[in-house]
Amino acid sequence: MDKKLITQKDYDRELVHQNALLDKSRQREKTWGESLKGISAQVGGVVAGYVSITSAIQAAVQENVRFEDSIQKTIDKIAAEELRLQIKAGLLPSELKEKLPQLEQALIEMPVVDMAGGLQMMAQSASSGFNQQDIDSGEALKVQLRMKAATNEFGQSAADIPKATKNIAMFLKATGSLAPTAQEIEKTAIGLTALFKDSDTETADLEQLAKSSATLNNYGLKREEQLAAFSTLRDQMSAESAATGLRNVVNRTATAATNKERTKALDSVGLNPEDVDLSKSGDQFIDVLEKVYAATQNLTEEARNNFFSEMYGEEGINAASVLFSRNNIDQIKTRVAIQADRAGYDRNIALFSGSREARNTRVEIAFQMTKRRIDQQRGGVAWREAVAAQS
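Notes on the structure in this doc start here. Being a predicted model, the structure only gives us computed values, none of them experimental.

**Points about the environment of Gly245**
One can find Gly245 in helix H13 (residues 239–254). Residue classification places Gly245 among the buried positions, given a relative accessible area of 5%. Separated by 67 residues in the primary sequence, Gly245 and Tyr312 have C-alpha atoms spaced 9.3 Å apart.

Below is the structure:
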């Protein structure tokens, strides 16, 4: 290469050119499915384009130290996250090197976080015990990136990025999955997206629900039922109160036979403990809600409140009054059903993938990839050290 001075203007022009390539790749596609396939097919070309300017960037930096601070800041952050990933996942340097192309492609396809954020998610996936095959194939990371796009969790701060991974792992493990799979993560993400539209429920709320999910799971409540009932409560109270209230209502209803006051309360409305014991009646949770509602709907407000107080205690009245109302029972049924519909999930992903936010982040990620390769070529020393060594 001819050793001429590469100016800031030359450098900026190259970045604009690469951004234009990414824009063009988006414009050629009309649907989400075609779009993702198109981006995937072009990732190699886009990344190669950035790699091709590596030597030019190196020459520019050696001639003009004003690029130093920007590059060094990026490399320091990425290097720290790479080390954390190696420690958490038990990866040798050679194994990390094999995973980085997988990370880069996933981020270019769904750029909800930058390269450091992607490394954080990979490290947390290992810590949270996701299915190893899905981690190795990169599918665990891809579904988490799609989930963030679908639920408006792009552009998060570094401290918040791993939280969604932790929360969904806690929820899936509490509901019976020893090593959550990519398929389970995506199914839950589809359900959350459906609830996200018409309720106050957010991915962050899984942290509270997960604390009650093991108990609910023991009584036969499926994940969809838990999310539907929790979201209905969440519309009227905090996530912590909703999770605790749901657990108390289910537990105290199912174990009424062990308590004289609760047995008496059920008897007063024509029910016996076996009618509402999820572990013995064979009913679904929604069936129990219907039974209790039918038995109490004609009571006066005072009598109904007394029944709830005897059954659920003062701390459980609010949750019980929400769950055992006609409108909310119907809403829970609806919210169970809509979690199987992935239309909203796919729509949100398509909106994000074609957005200006995504295009800009793709450029940032590709730039980070180039900076990292420069860092590898210079052996990890500071720029001034590299320049000094050549002088």
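**Comments concerning the packing of helix H10 (residues 182–198) against helix H12 (residues 223–234)**
Put simply, H10 and H12 touch, their axes get as near as 11 Å, and they point 25 degrees apart. Taken together, the axes of H10 and H12 lie roughly parallel to each other. The crossing of H10 and H12 is right-handed. For the pair H10 and H12, the contacting residues are Glu184, Lys187, Leu192 and Leu195 in the first and Arg223, Glu224, Leu227 and Ser231 in the second. Here the residues of the contact of H10 with H12 sort into three nonpolar, one polar and four charged.

**Focus: the packing of aromatic side chains**
For the structure shown, the criterion picks out five aromatic pairs. A centroid spacing of 6.3 Å and a plane angle of 40 degrees characterise the contact between Phe308 and Tyr312, whose relative ring orientation is tilted. Taken as a pair, Phe308 and Tyr312 lie in helix H18 (residues 301–312) at a separation of four residues, close to a single helical turn. Tyr312 matches Phe308 in its accessibility class, with the two residues each being buried. Centroid distance Phe308 to Phe324: 5.8 Å. Interplanar angle 20 degrees. Geometry classified as stacked. You can see Phe308 sitting in helix H18 and its partner Phe324 sitting in the loop between helix H19 (317–323) and helix H20 (326–338), a full 16 residues away along the chain.

Thresholds, definitions, all that
Residues numbered from 1 in each chain as written. Predicted model: local features only at pLDDT ≥ 70, side-chain atom pairs only at ≥ 80, totals over all residues. Heavy atoms only, no water. Helix = DSSP H or I, 4+ residues; strand = E, 2+ residues; numbered from the N terminus. Buried < 20%, exposed > 50% of the residue type's maximum accessible area, 1.4 Å probe, protein only. Axes fitted to C-alpha atoms, helices over the stretch in contact; angles between N-to-C directions. Parallel < 35°, antiparallel > 145°, perpendicular 65-115°, else oblique. Left-handed = near helix turned anticlockwise from the far one by under 90°. Contact = heavy atoms within 4.5 Å. Nonpolar A, V, L, I, M, F, W, Y, C, P; charged D, E, K, R; others polar. Phe/Tyr/Trp six-rings, centres within 6.5 Å; stacked < 30°, edge-to-face > 60°.

Remember that the coordinates give geometry; whether it matters functionally is a separate question.
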